[in-house]
Amino acid sequence: MARQNSFHSDPASASTSSTSSSPEHFSCHDDLLSDFTIIPDDSTSSLAGLTDFRNMTVGSPTQKPSASRKLSFYQQQQQQQQHVLRNHPLPPVYRLPPELLIAIFSKVSSLVDLRACMLVSRNWANCSVELLWHRPSFAEFIKYKAMVSAIQNETACYRYAQLIKRLNLTFIAGEVNDGSMKPLVLCTKLERLTLTNCTNLTDSPLMEIFASNPRIQALDLSQLGGITDISLNVVAERCHRLQGLNIAGCKRVTDASLVPLSRNCKFLRRLKLNDCNVITNATVISLATNCPQILEIDLHKCHNITDEAIIQLFTQLRQLRELRLAYCDLLTDDAFLQLPSRHYECLRILDLTGCELLTDDSVNKIVNVAPRLRNLVLAKCRNITDRAVINSISRLGKNLHYLHLGHCQHLTDRAVQHLVRYCTRIRYIDLACCTHLTDQSVCHLATLQKLRRIGLVKCQNITDFSIQTLVRRSNDTLCPLERVHLSYCTNLTVEGIHDLINNCQRLTHLSLTGVDVFFRRKDFTQFCRPPPDEFNEHQREVFCVFSGSGVSKLRGYLNAEKAAAEGLPTLGEQPYYVDDDDTQDMEEYGEIALDEVD
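Residues numbered from 1 in each chain as written. Predicted model: local features only at pLDDT ≥ 70, side-chain atom pairs only at ≥ 80, totals over all residues. Heavy atoms only, no water.

Undergrad: Describe the overall build of the chain, and please don't skip the residues or the numbers.
TA: On a plain count of helices and strands, the chain comes out with 26 helices and 15 strands. Of the contacts made within the chain by residues no fewer than 6 positions apart, 78% connect residues no fewer than 24 positions apart. Of the roughly 27200 Å² of accessible surface on the chain, 50% is carried by carbon and sulfur atoms. (Helix = DSSP H or I, 4+ residues; strand = E, 2+ residues; numbered from the N terminus. Contact = heavy atoms within 4.5 Å. Areas by Shrake-Rupley, 256 points an atom, 1.4 Å probe, with all protein chains shown as cover.)

Okay, here's the thing in structure tokens:
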């Protein structure tokens, strides 16, 4: 989480880290803020600024020397400095050069401590001011206003606006509008700008900000429905260093701006064009042709994209690591069957959710050209059968960590058995709505030692037997499951779920929506999280999801209920498990896509 910080007109204001070492000063203070004086011996240059402070009280004023006496004057200055140092030795900390001070200050994590460093001396202030202002962070709009006041202050000792390199307004998105963004035109050295969900913004202030910031490398404008091609055209004209662009949800952006942008911003590496549903093949082909360094591209719900664009992406982008084509519903097998017969060793993530025209032949070709795929999403690819799993996906072997086959309704236990035999490192698998699967499939999945998350929503043939097998491994190790989705598995009982919860101490999420024996009992649902606001009345009625401490509370309640029935003492509620080492795993694999509702 970003640190909170308050802004003032003094140098100690905001931010966390910086790598540069040249704070911007007003010209009227240049002579006062210099760290160095001209002396013949470079070895003492780092002490010069501090020696000048001492000279203010030691010795007598010296007249400006003539050209003929210039050398002797500097010799006298050097002797005077040495005399002062002999009689008034400086502490070692004052002898450190600015480069070393900056390196030390960069390790200080507390903004309060950094501000204290600025108050020690002018030299320390010069070395720490950029660290405070490099990346301002604030969770309240009043602090943003304080920052704006500081950068507009013409009498400040530093040009604070020139020190800001990164800005993230996500936490105050609801209060940001065109008027409050206008002052950011003063910040002309921005490198990263994040405006996620600042839905009140239009093109007006953004055009000026982009025009004055040619150094921008990463730009996040996701969910800014009010911006149009006007803003993106300015980015294309001015921000040639751009490497990352996120315009997810900017539905008014078209090929008219993205094609010029692809021609001018040739260093693009990461692109998110989710829900930009009016762009066509022209944008994708231009990106593939002009931006050879692209690593990640997301075209989720870009419904006008066809096979031609995908062929160009694979043909031109040899370094592609992540490709998301969810709900690009015009894609057919030709998009992959026509690919050149070469390996794309870098490709790790491929998402084809909702591409319903694809068949087993596409999956076979994908595995042939991308044998090191780690995440494969084929949810709602309803033509996929056992053949794709047995003959193709299984060949990914130990490389495969994440597999989503939700709504692939033709799959049977035979496919799961074959998959588990060869892909032994699967950590996340979703088989939601694969209605032919039985307890046999779950028993095979129980042999996956690294399995952390499993989705079995609407697999109505699942019973307590397979759940007990899933949580009781043959080697008696602690069950590693963290998230289990069993919504609409109507054959499950309270005893089976109780066994699951007690044997999975790492469990942080359990969905039981539509399971009668749970959602109809108020003593259980009191530990549920509230349903999403957009759910209708029926969805709210059957909603039953336990997460975080809710899982721990349910475990404690079930244990107490059982103990009371057997006349045994209760152990009370146990804390729910959080493993810091798994944080990266949790972020990497995300949420189950198909959970409580279809």
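Undergrad: Report on the side chain of D499, specifying residues and quantitative values.
TA: Looking at where D499 falls in the secondary structure, it is placed in helix α21 (residues 494–503). Those residues in contact with D499, other than ones at most four positions away along the chain, are Q468, V471 and R472.

Undergrad: Outline α21, supporting the account with residue identities and numerical values.
TA: Across the ten residues of α21, seven count as buried, placing the element largely inside the fold. Taken together, the buried positions of α21 are occupied by V494, G496, I497, H498, D499, L500 and I501. Where α21 is buried, its residues contact α20 (464–471), β13 (483–485), β14 (509–511), α22 (516–519), α23 (522–525) and α25 (549–566). (Buried < 20%, exposed > 50% of the residue type's maximum accessible area, 1.4 Å probe, protein only.)

Undergrad: Tell me what's going on with the nonpolar core, and back it up with residues and numbers.
TA: Counting 161 residues, the largest nonpolar core has I393 and L486 as its most contacted members. The dominant element in this core, judged by the number of residues it contributes, is helix α6 (residues 122–133), at seven residues. Apart from the residues within four sequence positions on either side, L486 is in contact with L456, I467, L492, I497, L500, L510, S511, L512 and V515. (Core = buried A, V, L, I, M, F, W, Y, C linked by side-chain atoms within 4.5 Å.)

Undergrad: Would you mind going over the environment of T424 in detail, with residue names and values included?
TA: Along the chain, T424 falls in the loop between α18 (413–422) and β11 (428–430). T424 gets classed as partly exposed once you look at its relative accessible area, which sits at 35%. Between the alpha carbons of T424 and S394 there is a distance of 9.8 Å; along the sequence they are 30 residues apart. Beyond its immediate sequence surroundings of up to four residues, T424 is in contact with K398 and L448.

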